[in-house]
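# Observations on chain architecture
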Number of protein chains: 2
Amino acid sequence: MMDQPKKQPTMMDVARLAGVSTMTVSRALKPNTSVGEKTRQKIQDAAEQLGYVLNSNAASFASHKTGFVAVTIPSINNANFAETLTGLSEGLNNTGLQILLGYTNYSKQEEERLIEQFLQRRPEAIVVTGGSHTDRCRKLLENSGVPVIEMWDQPKSPIDESIGFSNADAAALMVDHFVEQGYERIGFIGGDASRDTRGLDRRRGFVARLEALGLESHRLVSAGSPPVTIREGMDSLVKMLDTWPDTQAVMCVSDLSAFGAISYCIRNGIRVPDDIAIAGFGAYDISEVSNPTITTVDVSAQAIGLAVAQQVSNRLSVQQGNPVKIAAPTILARESTQKSVQ
Amino acid sequence: MMDQPKKQPTMMDVARLAGVSTMTVSRALKPNTSVGEKTRQKIQDAAEQLGYVLNSNAASFASHKTGFVAVTIPSINNANFAETLTGLSEGLNNTGLQILLGYTNYSKQEEERLIEQFLQRRPEAIVVTGGSHTDRCRKLLENSGVPVIEMWDQPKSPIDESIGFSNADAAALMVDHFVEQGYERIGFIGGDASRDTRGLDRRRGFVARLEALGLESHRLVSAGSPPVTIREGMDSLVKMLDTWPDTQAVMCVSDLSAFGAISYCIRNGIRVPDDIAIAGFGAYDISEVSNPTITTVDVSAQAIGLAVAQQVSNRLSVQQGNPVKIAAPTILARESTQKSVQ
DNA sequence: TTGAAAGCGTTACCAA
DNA sequence: TTGGTAACGCTTTCAA
């Protein structure tokens, strides 16, 4: 399988066999081009016979159109980002655009490295996660000469365009939900590590909202660097209860850590939400099926991907499209925070 | 940001500014090339000054080396495949190889379409999931002229090379585990849909092992097309208990459906494993943290990705490497099937 | 509707 | 260590 004896056929071979010029072959292999019906058939037969496969590398080179969309996300192994990628991928289907995927492992340095690498491939658009980059990376993106979309965030001064939501505002929603449910001594787990920019934003928004409402805002527990795991959720809850045993409600930086926190409670006879209410973020599958089900913030991860795809298509005029909108984050109120419905 | 006034500089611009030929520039920008120290510095300065970015598209074209590795997986939104992809991606880091990712949505037709598309990009290696393809797809892969690796399976006649495990054998392990625990009336959920080739293999191996041991092997419940969800796990268990109420143990085609089945039990007062034992497949995170924890089959998803990356590197001589091995699947015996440890 | 010629930006190859 | 020249396989552009 490894080596093939003779080289692969080129357009010239097809042209020769079909008795036409390479230009005609080039046209015949693309839709919406003016080529005689007979000629086209002749060419397709010749191509088939030779087992010809278009070299889109050469095509890109000649046309200055690579059909690449560079995309960086923090991690593939995270349901939220996987959903966004799924949406992006589906949305780009049938546009002829190909994603160049890189994952940053939540590191801005790594993002910079990836962008630098991707730029060499001459992508026609660049999609990055978040609005926080190294200076050099920002400069590279600004000078790229192609559309740049920052997703999963709403930066104050976007590089070019952003499709996402304010993590701070989204977390503030949960404060309101807690208050509505009658909780007052409220804590937050995670969002401490400098690498976790979105987590940081969430905690910041959470604290700001607590302060705005005149509530205590010091019940903050570190959960370490992203990705924050289920185990870290457990450990953090222990710390929370050790330090502030009278805490009534806790928001975790993600559903995974919330699930961990709840698991700890269940296994140790602490009732959720009767003894303590626990909420998450991200509307992961697990929030819907854990016992109790977990109150969370739905950020429509897949819709973000679809919207980005749509907007990329618009910008590249690959296809027409309506102005792109995504739904604002919403609270999914479930068992883990609502005594009444329990 | 969208349009840049002047064209991007080329190697010729750099060469001119540095007072050398393009060939020297080409060499100076790559490691391990014989270029004078002063010359190299001069060139790097010139490149920096012009903001030159290598056009690796043109480079690919000229050198016939694209640096692409085409990869198809059924779904990104599946922890197992995401892990494999993570391993693959990490393993390919620093090789200069770039993954072209496509997901088939568990469809062989879609796989064929993707492969056809990828072939145009002239990848240097192709990685596909599973050993079952359309005839045309198989032919395309055979004629690709590059290394082809089928992962997550052990096909009888691989196209080129395979890195994975036998899904049938892996499932058979669970029969043995059940029997060791004293269960005799054993069922299987999922693996029914023709699209789910790996699920099918698992069920087949499961049934074969039951028969080999002289046990009943008719307790099979459909769970629908992949991806099999938590909800489908719940529904399938209901069917299982309706049809064969005396079932003692059930293996689900994946941990997700196992979790669903267990959730149904917990919420309906059926004790796991005291009333019924339930096992999954895949060693998803959830199997470790659900309550009870779920007995599952660990297939080292990430290790598969790493091994594939290693083997791709070997085949392309990007770097030296030891012969590639992955661990055989193993049973992770946990609470959901073991009365004794409960 | 078709064709001819001129690139596209880099690397391979050989020579100096 | 460096440079000159010829590809690489398409598409663009203009002309027929």
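Predicted, not measured: the structure shown is a model, and the values here were computed from it. (Residues numbered from 1 in each chain as written. Chains lettered and ligands numbered in written order. Predicted model: local features only at pLDDT ≥ 70, side-chain atom pairs only at ≥ 80, totals over all residues. Heavy atoms only, no water.)

Attention shifts here to the domain arrangement of chain A. All names here are of chain A. Per the domain assignment, the segments of chain A are domain 1 (1–52), domain 2 (62–165 + 300–327) and domain 3 (167–298). Taking only C-alpha atoms, the centre of domain 2 and the centre of domain 3 are 29 Å apart. Contact with domain 2, which involves 15 residues of that partner, is made by 13 residues of domain 3. For the pairing of domain 2 and domain 3, the buried interface totals around 1200 Å² over both sides, and the portion due to carbon and sulfur atoms is 46%. Considering only the surface of domain 2 that becomes buried against domain 3, N80, Y106 and F165 emerge as the three largest contributors, covering 45% of it. Seen at the junction of domain 2 and domain 3, the total is zero salt bridges. Linking domain 2 to domain 3 there are six residue pairs in polar contact (both at pLDDT 80 or more). (Domains from an automatic or database assignment. Contact = heavy atoms within 4.5 Å. Buried area = accessible area lost by both parts, 1.4 Å probe. Salt bridge = Lys/Arg side-chain N within 4 Å of Asp/Glu carboxyl O. Polar contact = N/O pair within 3.5 Å; in protein donor to acceptor, adjacent residues only side chain to side chain.)

A few words now on the packing of helix α1 (residues 11–18) of chain A against helix α3 (residues 37–50) of chain A. Two packed helices can be described by the angle between their axes and the distance between those axes. All names here are of chain A. One can describe the packing of α1 onto α3 by two numbers: an axis separation of 9 Å at closest approach and a directional angle of 125 degrees. Put simply, α1 runs oblique to α3. Of the two possible hands of crossing, α1 and α3 adopt the one that is right-handed. On α3, the residues that touch D13, V14, L17 and A18 of α1 are K42, I43, A46, A47, Q49 and L50. Residue composition of the contact of α1 with α3, by class: seven nonpolar, one polar and two charged. (Axes fitted to C-alpha atoms, helices over the stretch in contact; angles between N-to-C directions. Helix = DSSP H or I, 4+ residues; strand = E, 2+ residues; numbered from the N terminus. Parallel < 35°, antiparallel > 145°, perpendicular 65-115°, else oblique. Left-handed = near helix turned anticlockwise from the far one by under 90°. Nonpolar A, V, L, I, M, F, W, Y, C, P; charged D, E, K, R; others polar.)

For the rest of this paragraph, the subject is the environment of A:V69. Residues and elements named next belong to chain A. Here V69 lies in strand β1 (residues 68–73). You can call V69 buried: its relative accessible area is 0%. Note: C-alpha distance between V69 and E124 (55 residues apart in sequence) is 5.8 Å. In contact with V69, not counting residues within four places along its chain, are L92, L97, Q98, I99, L100, A125, V127 and V312. (Buried < 20%, exposed > 50% of the residue type's maximum accessible area, 1.4 Å probe, protein only.)

All right, on to helix α4 (residues 56–63) of chain B then. Taken residue by residue, α4(B) has B:S56, B:N57 and B:S60 as its buried positions. Axial view of α4(B): buried residues confined to an arc of 110 degrees, hence all on one face. Those residues of α4(B) hidden inside the fold are in contact with α4 (56–63), β1 and α6 (108–120) of chain A. A distance of 2.9 Å separates the backbone nitrogen of B:N57 from a side-chain oxygen at the start of α4(B), and that oxygen is part of B:N55. Immediately downstream of α4(B), the backbone of B:H64 shows phi near 65 degrees, a positive value. (Arc of directions from axis to C-beta.)

Taken together, 27 residues are adjacent to DNA strand C, and A:T24, A:S34, A:T39, B:S26 and B:Y52 come closest. For DNA strand C, the fraction of protein-proximal atoms (within 4 Å) that sit in sugar or phosphate groups is 60%. Between DNA strand C and A:S21, the relevant distance is 3.1 Å, taken from a phosphate oxygen to a main-chain nitrogen or oxygen of the residue. Contact between DNA strand C and A:R27: a base nitrogen at 2.7 Å from a side-chain N or O atom of the residue. For the surface near DNA strand C, the elements supplying multiple residues, two or more each, are α2 (22–28) and α4 of chain A together with α2 (22–28) and α4 of chain B. (Near = heavy atom within 4 Å.)

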